[in-house]
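# Reading the structure
The residues making up each chain are set out below.
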Amino acid sequence: MSDLLAVDVLPEGLGVATLVLVLLAGLTAGFIDAVVGGGGLVQLPALLLVPGISPVEALATNKLGSVFGTSTSAVTYYRRVRPDLRTALPMAAVALVGSFGGASVASLLPASVFKPVIVVALVGIGAFTLLRPALGDVTALRHAGRRHHGTAALIGVAIGFYDGILGPGTGSFLVFAMVSLLGYAFLDASAKAKIVNCATNLGALLFFVPNGYVYWGLGLLLGAANMLGGYLGARTATARGSGFIRVAFLVVVSALVLRVGWDVWQENLAPMWE
């Protein structure tokens, strides 16, 4: 029990201005996550601005805030889209296990190890989506039966592991995988992605909470902002449909390429020019 309280409720030195910035980032991230994923692009960098917070503590607190947003958007999508739970729930279960595994090594491996690979993957995803305008317009499943569920499980465990170890762009990866590999429309894919993303956040928290990495007060405040953003984003996405989600997907993927690409430059390439 003492480990659960190892980290204070709020970080020391957290000022009002920084708190407001983090909560605005949480609201925006909840909206983006609900539409197409990628809210970590906004929320995690904002948390890293908090004085004295370590990268692992930021990641853990980010997961606590995000689980409220993804839960809210998942419920909203379910009520309005009624996604097939026979695929979503088993996929969420294996994603939870994968996320727990990723979180358990998050403090051991630097994010810079993965970032160059992520940039290449995001560029490929964006180009593939842009060059295939009909991709994700309608649901046309590519597989049936065991092959469908097996592919879904592999997607869940792989992206779950990524979410536990790093996180930003998880929702976008899930949406793209379900559209391109399983054959769902963007709207159907987004609805299922929220259920799976909720499970990946929970899986990571199963590791982070007992090890005392979470700032509970900050995480719960962030969760409230995330919930509002998630609710508004899910309602907007379900009202506007797959075409809107496709455009939002390309915008978010482009932003992720720029953001993570900048990190790769700063961490790996810039020192070579000094």
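Residues numbered from 1 in each chain as written. Predicted model: local features only at pLDDT ≥ 70, side-chain atom pairs only at ≥ 80, totals over all residues. Heavy atoms only, no water.

### Quick notes on the overall build of the protein chain
Going by this rule: Helix and strand assignments follow DSSP, with helices taken as H or I runs no shorter than four residues and strands as E runs no shorter than two, numbered in order from the N terminus. Whether a residue is buried, partly exposed or exposed follows from its accessible area with a 1.4 Å probe, protein chains only, as a fraction of its type maximum: under 20%, in between, or over 50%, in that order. Whether two residues are in contact is decided by their heavy atoms, any of which lying within 4.5 Å being enough. Accessibility throughout is a Shrake-Rupley quantity obtained with a 1.4 Å probe, and a residue counts as covered only by protein chains that appear here. When charges are counted, Lys and Arg are positive and Asp and Glu negative, with His and the chain ends excluded. A charged residue contributes its charge at one atom only: NZ of Lys, CZ of Arg, CG of Asp or CD of Glu.
Across its full length, the protein chain holds ten helices and zero strands. Scanning the protein chain from its N terminus toward the C terminus, one meets helices and strands in the order α-α-α-α-α-α-α-α-α-α. Structurally, the protein chain occupies a C-alpha span of about 50 × 45 × 35 Å along its principal axes. Every one of the 274 residues in the protein chain was classed for burial, and the buried ones make up 53%. Of the contacts made within the protein chain by residues no fewer than 6 positions apart, 84% connect residues no fewer than 24 positions apart. Counting only carbon and sulfur atoms, one obtains 70% of the accessible surface of the protein chain, whose full area is about 12100 Å². Considering the protein chain, the positive charge centre built from 16 side chains and the negative charge centre built from 12 side chains are found 18 Å apart.

### A closer look at the side chain of Asn 62
Cut-off, in case you're wondering: Nitrogen and oxygen atoms within 3.5 Å of one another constitute a polar contact, given that in protein one can donate a hydrogen and the other can accept it, and given that sequence-neighbouring residues count only through two side-chain atoms.
Mapped onto the elements of the fold, Asn 62 is located in helix α3 (residues 55-81). A polar contact is formed between the side chain of Asn 62 and the side chain of Gln 43, at a distance of 2.6 Å.

### Description of the UniProt feature "transmembrane region" (unreviewed entry) in the protein chain
Going by this rule: UniProt positions are given in the numbering used here, feature names are shortened, and annotations may be inferred rather than shown by experiment.
Feature annotation in UniProt assigns "transmembrane region" (unreviewed entry) to the following positions: residues 14-36, 88-107, 113-131, 152-179, 213-232 and 244-262. Annotation note: span residues 14-36, helix share 87%, strand share 0%, distance between end C-alpha atoms 30 Å. The span residues 213-232 carries 85% helix and 0% strand; its end-to-end C-alpha distance comes to 29 Å.

### As for the nonpolar core
Basically, it comes down to this: Note on terminology: a nonpolar core comprises buried Ala, Val, Leu, Ile, Met, Phe, Trp, Tyr and Cys residues joined through side-chain atoms within 4.5 Å.
By size, the foremost hydrophobic cluster in this structure holds 76 residues, and its most contacted members are Tyr 77, Leu 174, Met 178, Phe 208, Ile 245 and Phe 249. Among the elements that take part in this core, helix α8 (residues 186-208) stands out by supplying 13 residues, more than any other. Apart from the residues lying within four places of it in its own chain, the contact partners of Tyr 77 are Ala 34, Val 35, Arg 82, Pro 83, Leu 187, Ser 190, Ala 191, Lys 194, Ala 234, Ala 237, Thr 238 and Ile 245.

### Regarding the layout of surface pockets
Condition: Space inside and on the surface of the protein is sampled on a 1 Å grid over the protein atoms alone, with a cavity defined as a set of points where a 1.4 Å probe fits but cannot get out and a pocket as an open set with protein on both sides within 12 Å along at least 5 of 7 lines; lining residues have an atom within 4 Å of a point. Grid points are joined across faces, edges and corners, and a volume is the space filled by probe spheres set on the points. Classes in brief: Ala, Val, Leu, Ile, Met, Phe, Trp, Tyr, Cys and Pro nonpolar; Asp, Glu, Lys and Arg charged; the others, Gly included, polar.
If you add up the space inside the second largest pocket, you get close to 230 Å³. Residue lining of the second largest pocket: 14 residues in total, with Ala 121, Ala 158, Ile 159, Tyr 162 and Phe 173 positioned closest to the centre. Elements with a contribution of two residues or more to the lining of the second largest pocket: α5 (115-131), α6 (145-165) and α7 (170-182). Across the lining of the second largest pocket, the residue classes break down as 14 nonpolar, no polar and no charged.

### Quick notes on empty space enclosed by the protein
Here the structure, examined in full by the defined rule, presents one cavity of 30 Å³ or more. Considered as a void within the structure, the largest cavity measures approximately 120 Å³ in volume. Lining the largest cavity are 16 residues, with Asp 33, Gly 40, Asp 163, Gly 167 and Asn 197 sitting closest to its centre. Of all the secondary structure elements, the ones that give two or more residues to the lining of the largest cavity are α3, α7 and α8. With four residues, α3 is the largest single contributor of residues to the lining of the largest cavity. The residue inventory of the lining of the largest cavity, partitioned by class, reads one nonpolar, twelve polar and three charged.

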